[in-house]
Structure formats: structure tokens, C-alpha cells
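# Summary of structural features
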Amino acid sequence: MARLALRIALLAAVVVACAALDRPSGAPKQTPGTYLKQFLKPSKSEDAIDAGFMTIPGKAAWALKTTSYFGLWYFFNIFYNVANKKALNALNLPWLQSLVCVAVGIPYILATWQFGIREKPRLSSQQMKELLPIVSLHAAGNVGGNVAFGSGALGFAHVLKSMEPAFTAVFSGLLTGKWQHPFVYATLIPVMGGVAYASASELNFNMLQFVAAMVSNVGFSLRAVIGKQIMSSDAWDRKVTKLDGPNTFGVLQIGSTLVTIPFVIALEGWKALFPSMHPNWKNAIGKLDHAGAMITPGYLWNNLIMSGMAFQLYYEAAFLALDAVSPITHSIGNNIKRIVIVITSVIIFGQKMSTKGMIGSGIALGGVFIYSLVTDYFAKKAKGASK
């Protein structure tokens, strides 16, 4: 696990180093205390740090902070995926696991508002109604993902979910009428082709995992497109609603909890809300997991709670990283994250992929990378032309 963590840190450092090449260093200086106090407040540049006996350049201060964001993002994401998969393997209750992902972090969200760490969102009753479809799509994407993670190889599920940008690009054009440059859509061909090739050659391929991953892609991509449409009006001014990235995610988590509970009861029984009373819990106790460890009540509770908290925290870190770098750098980091998860699933769960499956996965992930670069290029070109 230590070696894996080291690899993650190195990958994050590479991403940040690439992003930092054109970062300006601020002329003013700040004290170490000010720097630490502002550590969880990302920015696109940093002032130099005057430590008395030495001065840390602004670029180095910025790189240290941003590398930490990416490292935490990867760290919590790995723990989420591992704990989530262990709980799914042991209990086979994907709806409960989906509820855990959105509900466990709520005390943390409320605490950040209660103690003034973040400003409380200010939403009218009409705005809450407008959020309902976005909340529902967030819940659907989360459930689809957990069904996909639990019904097959974890790494392959992430390969399938790498198609999310393709769905977002198509839905954005269909719903807004604003289509991107044809070259942008051309980059989606290797994404879809790679996934198709990997799916056809995957030894453990099953249709449930494929369909669930596509449901997750549709849910999250529609959430992004419709959410942007709804929240782009003047009534949704961030200065008024206080809905920055983390606060928006917090509201979606709370809303998705309320949406998911009835489905848990309907599909897995009311006892799923009290996991230790569910028959699957009792059936899991005493068995061995993939590594030969005994499944105990403590094992199950630890993985349920850890997966929920890690889910909340990895999104928090992802938002910090997004505010510190450009969207294209963040997209590259997200792509590398999927590669890390694929490698992690092979190392920890022994879920190996065939050679053809790895080739197809590589083509798909590479296609996502190219899609990000081409999208960014034409977005900048269009912005320049409008000036």
C-alpha cells in the first residue's frame, strides 16, 4: 500500500508540474502562518513565503498546495474504491451502498456550515424545486456506479465510466443547441471504440455491469448539463446562493439521500436501513474476503463508513484541485485517476484484464485525454474570436 501511495504522489506531482509551467509567482510575500491558514483556500497563484531564514518562491508555494490537493484527491479516491468494493462484495446491497455514499458525509457537510467553515447555502423554495431533477440525476449516477462496481471487475467498471465525457458532449449539444467543433466529436471515436473493443475481449464481461455503468454516465452527464442550464440564470447568482462547488455538492448529497431512501426500502427491504439486521449481513459474517481476511461486524461497519466518508472527501479534494488549476489540467488529473484505480484493482483485488482488454482500455483512456485537449483548444479559440 505504501508503494501504491508513493506512485499516486508521483503521478499527482507530474500533473501539477505540467500545470505549473506557466504559473506566475506573486511579488508580495506572506508569512508561513498566513499560508497555512489559507491552505484549504485554493488559488491560481501564490505569494512567496517569507520564513525569515529563507524565502520560498510563489511558484513553489503554489505547487506544494496544489500537489497536496491532487494527492488527497487520489488518496481518498483509492480508499473509497477499495472500501466500497469490499462492502459490495461482502453484502451485495448496491442500493444500501449508494445510500451510504451520499448519507455518511452529511454530518461533515452540516458541520462546515454550522461552524462557519463555509457559508450556508441560501435557497428559496422555488430553487429547491428546480434542484429536484439535478438531485435525482446525482442519485441515479451514484446508484448506477455502485451497481457497476459491485457486479464485475472494479477496473473495467472505471473504463466503462470513462465514456462520461462522450455523453456530456452529446447531451450538451442536444439540450442547449450549441454544438462543438466536429474535431471534438471525432476524438470520441477512440473512446467509444476502445470501450467496445475492451468489452468484447473482457473475460468477465457481463451486461449488468455495462448497463449500470451507462446509467451512471447518463445520470452524471445530464446532471452536469441540466445543472449548468438551471444555475446559469441571474436568480442563481453564487454571491447570493453561496453555491460554490463544495456547497453545491453538499446540497446534492443531502437531496440524494432523501431520494435514495425509498428505493432502498423498496428494493432491498427496510432492514437495509439497519444493515446489521439484514439477512445479507448475517450471511456475510464468518466468511473470507478476497485477501483471506475474516469478515466480522467490525469489518463491515468499517468499510461502509470509510467508503461514505472517503466518497465525500475525495470530491472535496477534487473541487479544491479544480479551483487551483485550469479545467484541462483537472481533466487530465481525472483521467490519470482512472488509470490509478485500474492498477489498484489489479493489485488489491487481483482482477486482471486480458491483453486485448488492456489495449482497448488504453485506447479509451487515451481518447478521453485527447478529447480534453481538443475541447480546451477550441474553447480558447472561440473565446479569442469573440473578443
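Note that the structure is a prediction, hence the values are computed from the model and not measured.

### Looking at the packing of aromatic side chains
What the rule picks out here adds up to 19 aromatic pairs. Ring geometry for Phe-70 versus Trp-73: centroids 5.6 Å apart, planes at 50°, classification tilted. Here the residue Phe-70 and the residue Trp-73 both occupy positions in helix 3 (residues 58–91), the gap between them amounting to 3 residues, near one helical turn. The exposure class of Phe-70 is buried, given its relative accessible area of 0%. What makes Trp-73 buried here is its relative accessible area of 2%. Note on Phe-167 and Phe-171: the rings are 6.3 Å apart at their centroids and 35° apart in plane angle, and the pair reads as tilted. Of the two residues, Phe-167 and Phe-171 both sit in helix 8 (residues 164–176), 4 residues apart, roughly one turn of that helix. Through successive ring pairs, a cluster of aromatic residues spans Tyr-80, Phe-249, Phe-311, Tyr-314, Tyr-315 and Phe-319.

### Brief notes about the environment of Phe-205
For Phe-205, the location among the structural elements is in the loop between helix 10 (188–201) and helix 11 (207–230). Residue class for Phe-205 comes out partly exposed when judged on its relative accessible area of 32%. Between the alpha carbons of Phe-205 and Phe-156 there is a distance of 8.7 Å; along the sequence they are 49 residues apart. Those residues in contact with Phe-205, other than ones at most four positions away along the chain, are Phe-156, Ser-199 and Phe-210.

### A few points about the side chain of His-158
With respect to the helices, strands and loops of the structure, His-158 is situated in helix 7 (residues 154–161). Overall, the relative accessible area of 4% leaves His-158 in the buried class. A polar side-chain atom of His-158 sits 2.7 Å from a polar atom in the side chain of Asn-81.

What counts, and where the lines are drawn
- Residues numbered from 1 in each chain as written.
- Predicted model: local features only at pLDDT ≥ 70, side-chain atom pairs only at ≥ 80, totals over all residues.
- Heavy atoms only, no water.
- Phe/Tyr/Trp six-rings, centres within 6.5 Å; stacked < 30°, edge-to-face > 60°.
- Helix = DSSP H or I, 4+ residues; strand = E, 2+ residues; numbered from the N terminus.
- Buried < 20%, exposed > 50% of the residue type's maximum accessible area, 1.4 Å probe, protein only.
- Contact = heavy atoms within 4.5 Å.
- Polar contact = N/O pair within 3.5 Å; in protein donor to acceptor, adjacent residues only side chain to side chain.

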